[in-house]
Amino acid sequence: FIDTFCHLIAQTLERLRLAAQAREAAIQADAEALRNALLSSISHDLRTPLTRIIGAAATVIERHGELATSERQDLQIVLDEAQRMAELTDKLLDMARMSSEQIVLHCDWNMIEEIVGSALNRLNKSLHDRPVRTRLPDSLPLLWIDAVLMEQVLVNLIENAIKYSPPGSPIDIEASSLAASFRLTIVDYGAGIAKDQVDKVFQKFYRCHPESEQGGVGLGLALCKVIVEAHGGCITAGNRPGKGAEFVIELPFPHAPPAPVEAETGEG
Ligand code: ADP
């Protein structure tokens, strides 16, 4: 009797486990559907009209030289704010795409000098005449990385250096190769980050000074972390004595492409 009883309990427990598994799978499928709906709604319902507002405001400012100063200023506010909202929307979209396990790297052999160069090019306008001092030794190895995503990481870090340090102060970008890894450091001359916040800044939506007008939604560094970690690397924040914030990216080195998979011939 005891054997039959134990058998019955084991069967019931197994059924409950399978039912729980099925429910978990259904919840995950619902969450995925919700995420996709949110993504397409953000991109179509928000990004598209914002792009049209930016285009229209920029055209009016460009074409109508006869605008009164106050009108021009008002339009510039419309343009700046719409651009800011568009940037935030893009970051939300990027984050939603990348925080799922869907992140797909398109890696290739890349020179870090080129990626730094194109990130600086993209930020040319916001840099104004701020000095960017790069130390990228000639001997740097090629890296097996996704150039588009790694450029995005650099853009986010340099944008932050611009936002959180006084206008005109320099930004230092240094690269070096260590025995087993490649290191890239971005240093600014702002107030830096409080010691108890250096880890928190990589959390989604975390801002050290949420009351401040400055800054965005707190997603830029979370995105950097997702991208760097997808490459098998790590990113840390700290402060340089006498300078400001310091962000260090470390990527395992040497980075090699995965070995090609041999096609099965079915012979032999
Ligand atoms: P945000 O869009 O607010 O800049 P991030 O994720 O890029 O979001 O950064 C998170 C927070 O970390 C920022 O709100 C800011 O308080 C702090 N932070 C980031 N970079 C720097 C920096 N270079 N110097 C000082 N604080 C920084």
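Above this text sits the structure in question.
Fair warning: this is a prediction, and the values are worked out from it, not measured in the lab.

(A) Quick peek at the nonpolar core. The biggest cluster of nonpolar side chains holds 39 residues, and the ones touching the most others in it are Leu157 and Ile158. If one sorts the elements of this core by residue count, helix H5 (residues 147-163) sits on top with nine residues. Excluding anything up to four places from it in sequence, leucine 157 contacts Ile186, Leu221, Cys224, Ile235, Phe247 and Ile249. Counting residues in each nonpolar core, the second largest holds nine residues, with Leu50, Ile54, Leu67 and Ala82 among its members.

(B) Region of the structure containing the packing of helix H3 (residues 112-122) against H5. Between H3 and H5, whose axes approach to 9 Å, the crossing angle comes to 55°. Relative to H5, the element H3 is oriented oblique. The chirality of how H3 crosses H5 is right-handed. Mapping the contact onto sequence places Ile115, Val116, Ser118, Ala119, Leu120 and Arg122 in H3 and Ala147, Met150, Glu151, Gln152, Leu154, Val155 and Ile158 in H5. Looking at the contact of H3 with H5 residue by residue, the classes come out as nine nonpolar, two polar and two charged.

(C) A look at helix H6 (residues 220-230). Taken as a whole, H6 has its buried residues at Gly220, Leu221, Ala222, Leu223, Cys224, Ile227 and Val228. Positive backbone phi, approximately 85°, marks glycine 232, located one or two places after H6.

(D) Local environment of the pattern of salt bridges. Using the criterion set out here, one finds nine salt bridges in the structure. Close ionic contact of arginine 183 with glutamate 250 constitutes a salt bridge, the shortest N to O distance being 3.1 Å. Of this pair, arginine 183 sits in strand E5 (residues 181-188) while glutamate 250 sits in strand E7 (residues 245-252), and the two are 67 residues apart along the sequence. The network of salt bridges with shared partners includes Arg135, Glu174, Arg240 and Glu246.

(E) Inspection of the packing of aromatic side chains at higher detail. Inspection of the entire model under this criterion finds two aromatic pairs. Plain terms: the ring middles of phenylalanine 202 and phenylalanine 247 are 6.2 Å apart, the flat faces sit at 80° to each other, and that makes the pair edge-to-face. Placement of the pair is phenylalanine 202 in the loop between E5 and H6 and phenylalanine 247 in strand E7, with a sequence separation of 45 residues. On the basis of relative accessible area, phenylalanine 202 is assigned to the buried category, the value being 9%.

(F) A look at the site of the ligand. Around the ligand there are 18 residues in total, and Asn160, Lys163, Tyr164, Asp188 and Leu221 lie nearest to it. With respect to the ligand, the side chain of lysine 163 contributes an N or O atom lying 2.9 Å from an oxygen atom. Measuring from an oxygen atom of the ligand, one finds a backbone N or O atom of glycine 218 at 3.3 Å. Summarising the interface, the protein chains cover 97% of the accessible area of the ligand, which totals 530 Å² for the free molecule. Counting only elements with at least two residues in the shell around the ligand, the list comes to H5, H6 and E7. A breakdown of the residues in the shell around the ligand according to their chemical character gives 10 nonpolar, five polar and three charged.

(G) The arrangement of the sheet that holds E7 in detail. A sheet is described by the order of its strands in space; here five strands give the open sequence E2-E4-E5-E7-E6, paired in mixed fashion. Single-partner strands in this sheet number two, and they are strand E2 (132-135) and strand E6 (234-239). Taking the axes of each pair of neighbouring strands and ignoring which way they run, one obtains an average angle of 15° across the sheet. With four bridges joining them, E2 and strand E4 (residues 171-177) adopt parallel strand pairing. Bridge pairing in E4 places arginine 133 opposite aspartate 172.

Rules and cut-offs
- Residues numbered from 1 in each chain as written.
- Predicted model: local features only at pLDDT ≥ 70, side-chain atom pairs only at ≥ 80, totals over all residues.
- Heavy atoms only, no water.
- Core = buried A, V, L, I, M, F, W, Y, C linked by side-chain atoms within 4.5 Å.
- Buried < 20%, exposed > 50% of the residue type's maximum accessible area, 1.4 Å probe, protein only.
- Helix = DSSP H or I, 4+ residues; strand = E, 2+ residues; numbered from the N terminus.
- Contact = heavy atoms within 4.5 Å.
- Axes fitted to C-alpha atoms, helices over the stretch in contact; angles between N-to-C directions.
- Parallel < 35°, antiparallel > 145°, perpendicular 65-115°, else oblique.
- Left-handed = near helix turned anticlockwise from the far one by under 90°.
- Nonpolar A, V, L, I, M, F, W, Y, C, P; charged D, E, K, R; others polar.
- Salt bridge = Lys/Arg side-chain N within 4 Å of Asp/Glu carboxyl O.
- Phe/Tyr/Trp six-rings, centres within 6.5 Å; stacked < 30°, edge-to-face > 60°.
- Near = heavy atom within 4 Å.
- Polar contact = N/O pair within 3.5 Å; in protein donor to acceptor, adjacent residues only side chain to side chain.
- Areas by Shrake-Rupley, 256 points an atom, 1.4 Å probe, with all protein chains shown as cover.
- Pairing = 2+ DSSP bridges.

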